[in-house]
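Now for the letters of each chain:
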Amino acid sequence: MNADKFGAFIAACRKEQHMTQLELAQKLQVTDKAVSRWERGKGFPDISMLIPLSEALEITVTELMRSEKMEKREEHFSREEVESMMADMAEMEGKNRRENRIIAGIANPVVILVTLAAVLSGRTSLLVGLMLGCAVALIIIGICMSAMDQKNRDSRRAYGLLMLLGTGGTFLFLYLLGIDSSLLLGALFLLFCVMVGVMSR
C-alpha cells in the first residue's frame, strides 16, 4: 500500500467533509498529530481505526484501503480483494510497529545514558537528568528519522522541529547545570553541522 497515496486520499476526503484535522481527530478520539502523520504518509492508522475512519469520512472501508472512491459501492468482495485488503492491513500494521521499535530503540538507551551521566556528575537530580535525557533523545530521534525519510519534505520539517525542540531543551538544561559556555557553543556548532548535513541530503 502506498502511504503517500493513502494519506492524500484521507486529506481529500476530510476536506470534502469540511473538517479540520483536529475535528477528524476528535471524532476518532486520537490526536491531530496522528491525523497529520497519516495524511503526510508517515504512518498508518491502527487496524481498529479503519471502520471509524471510513465512517467519519463517509466512505467504505474498501475505498479507504484502495485510496480511491468507487463509482459503484460493492457489498460483496471477491477472494482476491479480501486477500489484498488483508495484506494491505498487515503491511500497515508492520510499518507502524517498525517505526515504534526504531523510536523506542533510540529513545530508551539515550534517556538512560544521559540520565545516568547527569546524575553521576553530581550536578543534578534524577528528575532533571530524565528531562535532559528526553531532550537529547528528541534531537537524536529527529536526526535519525529525518535521515531515514529523505523523500517527504513535510516529514523532514516535523523532524526538524523535533530537533530544534530537543536542542533548545538540552542547552537550557545544560546552562542551568552550569556547564561552561564555550563547551555549549562547541556542542551547538557540532549539532548544527550534523543537522545541516542530514537536511541537505
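Reading the values: the criteria
- Residues numbered from 1 in each chain as written.
- Predicted model: local features only at pLDDT ≥ 70, side-chain atom pairs only at ≥ 80, totals over all residues.
- Heavy atoms only, no water.
- 1 Å grid on protein atoms, 1.4 Å probe; cavity = no way out; pocket = protein on both sides within 12 Å on 5 of 7 lines; lining within 4 Å.
- Points joined across faces, edges and corners; volume = space filled by probe spheres on them.
- Helix = DSSP H or I, 4+ residues; strand = E, 2+ residues; numbered from the N terminus.
- Nonpolar A, V, L, I, M, F, W, Y, C, P; charged D, E, K, R; others polar.
- Axes fitted to C-alpha atoms, helices over the stretch in contact; angles between N-to-C directions.
- Parallel < 35°, antiparallel > 145°, perpendicular 65-115°, else oblique.
- Left-handed = near helix turned anticlockwise from the far one by under 90°.
- Contact = heavy atoms within 4.5 Å.
- Patch = residues over 30% accessible without salt bridge, like charges linked within 9 Å, V, L, I, M, F, W, Y side chains within 5 Å.
- Areas by Shrake-Rupley, 256 points an atom, 1.4 Å probe, with all protein chains shown as cover.
- Salt bridge = Lys/Arg side-chain N within 4 Å of Asp/Glu carboxyl O.
- Core = buried A, V, L, I, M, F, W, Y, C linked by side-chain atoms within 4.5 Å.
- Buried < 20%, exposed > 50% of the residue type's maximum accessible area, 1.4 Å probe, protein only.
- pLDDT = per-residue confidence, 0-100.

1. Notes on the layout of surface pockets
No. 1: Its volume calculated, the largest pocket comes out at about 560 Å³.
No. 2: Contributing to the lining of the largest pocket are 20 residues, with K33, R37, R40, Y159 and L162 lying nearest its centre.
No. 3: Among the secondary structure elements, those contributing two or more residues to the lining of the largest pocket are α3 (32–39), α6 (79–120), α7 (126–148) and α8 (153–176).
No. 4: Of the residues that constitute the lining of the largest pocket, the class distribution is eleven nonpolar, three polar and six charged.

2. Digging into the packing of helix α2 (residues 21–28) against α3
No. 1: Where α2 contacts α3, the axes come no closer than 8 Å and their chain directions differ by 110°. The angle between α2 and α3 places the two elements in the roughly perpendicular class. When you trace α2 past α3, the crossing you get is right-handed. Contact residues: Q21, L22, L24, A25 and L28 in α2; D32, V35, S36, W38 and E39 in α3.
No. 2: Grouping the amino acids of the contact of α2 with α3 by side-chain chemistry returns six nonpolar, two polar and two charged.

3. A look at a nonpolar patch on the surface
No. 1: A contiguous nonpolar surface patch, about 340 Å² in accessible area, is contributed by I112, L116 and L120.
No. 2: Along the chain, I112 turns up in helix α6.

4. Some points on the nonpolar core
No. 1: Of all hydrophobic cores here, the largest spans 24 residues; its most connected members are I10, L24, L28, W38, L53, L57 and L64.
No. 2: Elements represented by at least two residues in this core include exactly α1 (3–16), α2, α3, α4 (50–57), α5 (61–66) and α6.
No. 3: In this structure, L28 is in contact with W38, M49, P52, L53 and A56, ignoring residues within four places of it in sequence.
No. 4: Membership of the second largest hydrophobic core comes to 15 residues, among which are V114, L132, A137 and L177.

5. Some remarks on the confidence of the model for the chain
No. 1: Per-residue confidence for the chain gives a mean pLDDT of 80, with 82% of residues at or over 70.
No. 2: In the model of the chain, helix α9 (residues 181–200) stands out as the element of lowest mean pLDDT, 66, in contrast to α2, which has the highest, 91.

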